[in-house]
Amino acid sequence: MLGASNSLPPKVLVVGGDSLIGSTLVEHFRSQGTSVGFTSRRPHHKSPACIPLELGKAVSLPYIPEVAILCAGVTDFRSCAEQPDATRRINVDAVLELATTLHLGGACILYLSSNAVCEIEKDSVQSHSLPSITTELSAQKYDAECGILALGERATIVRGAKVVSCKASLIASWLNGLSNDQTITPLSDYYLSPVSLQFMVTAIAQLAFAGASGIFNISGAQPLSYSDFAYQFAAAMNVNLGLIAPENSLDLNFPSYYPRALKSLGMLAMTSPSGILPQSVRSVIDDLIVEFFNEQSLTNHSYPALSEKR
Ligand SMILES: NC(=O)c1ccc[n+]([C@@H]2O[C@H](COP(=O)([O-])OP(=O)(O)OC[C@H]3O[C@@H](n4cnc5c(N)ncnc54)[C@H](OP(=O)(O)O)[C@@H]3O)[C@@H](O)[C@H]2O)c1
């Protein structure tokens, strides 16, 4: 049930406040002085800004915000491939039910989708030579997009490219390996068009209050292989490039539920409300390095060997 509160409700509600992007959005809005609440399905949150919420279970929202940013859901390709029905109930049915409730109450909806949906919408894919692969997660994202767009005005889709961050498992494992002078094995035949966490969050936050409806892309400027990205990142960190041993997915029997190429998307629609252009690889790596050293200053136990190499 939707209830009223004595004080003004937060302007923004981040659904999925524990997610990589959602948690950083909450920090970002707080740093900008924008009142923000968030949801979590974890029991330990004591913050008054936290609303307990598990998609797929009964939802009780104490207020309707101006803008709701939907970040929660099952985000790994493997779970969606192995449990398509259960994950669809969360990623499509429950997300749309919540979005409809919030929208009917007057909120603007901003739904985080992914450039993986472009495997389905082939017309919007930039020219490329790799075969398209449709994954269950992409299909669920696409169906959720359709439901959100059907809400009409005040409904925005953000198709985000792969976010690289020291807090995400891929980069964290590279940093761990490189820090311990261990070989890392990025794929040479899988591609991403990376954006930094900071870039993604800044762009989403700008869009949240732009009053624009429709589909917006947030993308890196160019696709490159995971191994090329690892080389550029390691070079910028002044790390021994001999520690990078690219591997080919065909030699690894790599599972087919991961999309092989997450492409770069045009950002024309995004550029007009925000002035933001696709992020260059150099800028992504600069942001990663800033994030890395900020993390180091907050924790006293991470990657000392890498810090010394700079
Ligand atoms: N990260 C990327 O590279 C990227 C790129 C493009 C688009 N996106 C999209 O952006 C959104 C956020 O991505 P992210 O990487 O920040 O996500 P994430 O870190 O993988 O977090 C997903 C969150 O969803 C929560 N969740 C899962 N099932 C739930 C349920 N039944 N009820 C409530 N919460 C549930 C998880 O809760 P727990 O923490 O409790 O497990 C987790 O906090 C997703 O929609 C994703 O598809 C991400």
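Report follows, based on the coordinates. Because the structure is predicted, anything quoted here is derived from the model rather than measured. (Residues numbered from 1 in each chain as written. Predicted model: local features only at pLDDT ≥ 70, side-chain atom pairs only at ≥ 80, totals over all residues.)

Description of the overall build of the chain
Along the chain, the regular secondary structure elements total eleven helices and eleven strands. Relative to its full complement of 310 residues, the chain shows a buried share of 43%. (Helix = DSSP H or I, 4+ residues; strand = E, 2+ residues; numbered from the N terminus. Buried ≥ 20, exposed ≤ 12 C-beta atoms within 10 Å, placed from the backbone.)

With respect to the sheet that holds strand 5 (residues 108-114)
A sheet is described by the order of its strands in space; here seven strands give the open sequence 3-2-1-4-5-6-10, paired in parallel fashion. One side of each edge strand has no neighbouring strand; the edge strands of this open sheet are strand 3 (50-52) and strand 10 (214-218). The sheet shows a mean angle of 20° between the axes of neighbouring strands, direction not considered. Pairing of strand 4 (residues 67-70) with strand 5 involves four bridges; the strand directions are parallel. (Pairing = 2+ DSSP bridges. Axes fitted to C-alpha atoms, helices over the stretch in contact; angles between N-to-C directions.)

A closer look at unusual backbone geometry
Unusually for a residue other than glycine, Arg-154 sits at a positive phi of about 65°. Topologically, Arg-154 is positioned in the loop between helix 4 (136-149) and strand 6 (155-160). We classify Arg-154 as partly exposed; it has 18 C-beta atoms within 10 Å.

Digging into the pairing of strand 5
Among the seven residues of strand 5, seven are classified as buried, and the element is accordingly described as predominantly covered. Of the two faces of strand 5, both are covered, the one formed by Cys-108, Leu-110, Leu-112 and Ser-114 as well as the one formed by Ile-109, Tyr-111 and Ser-113. Here six bridges tie strand 5 to strand 6, and the two strands are oriented parallel to one another. Looking at the pairing, Ser-113 lines up with Arg-159 of strand 6.

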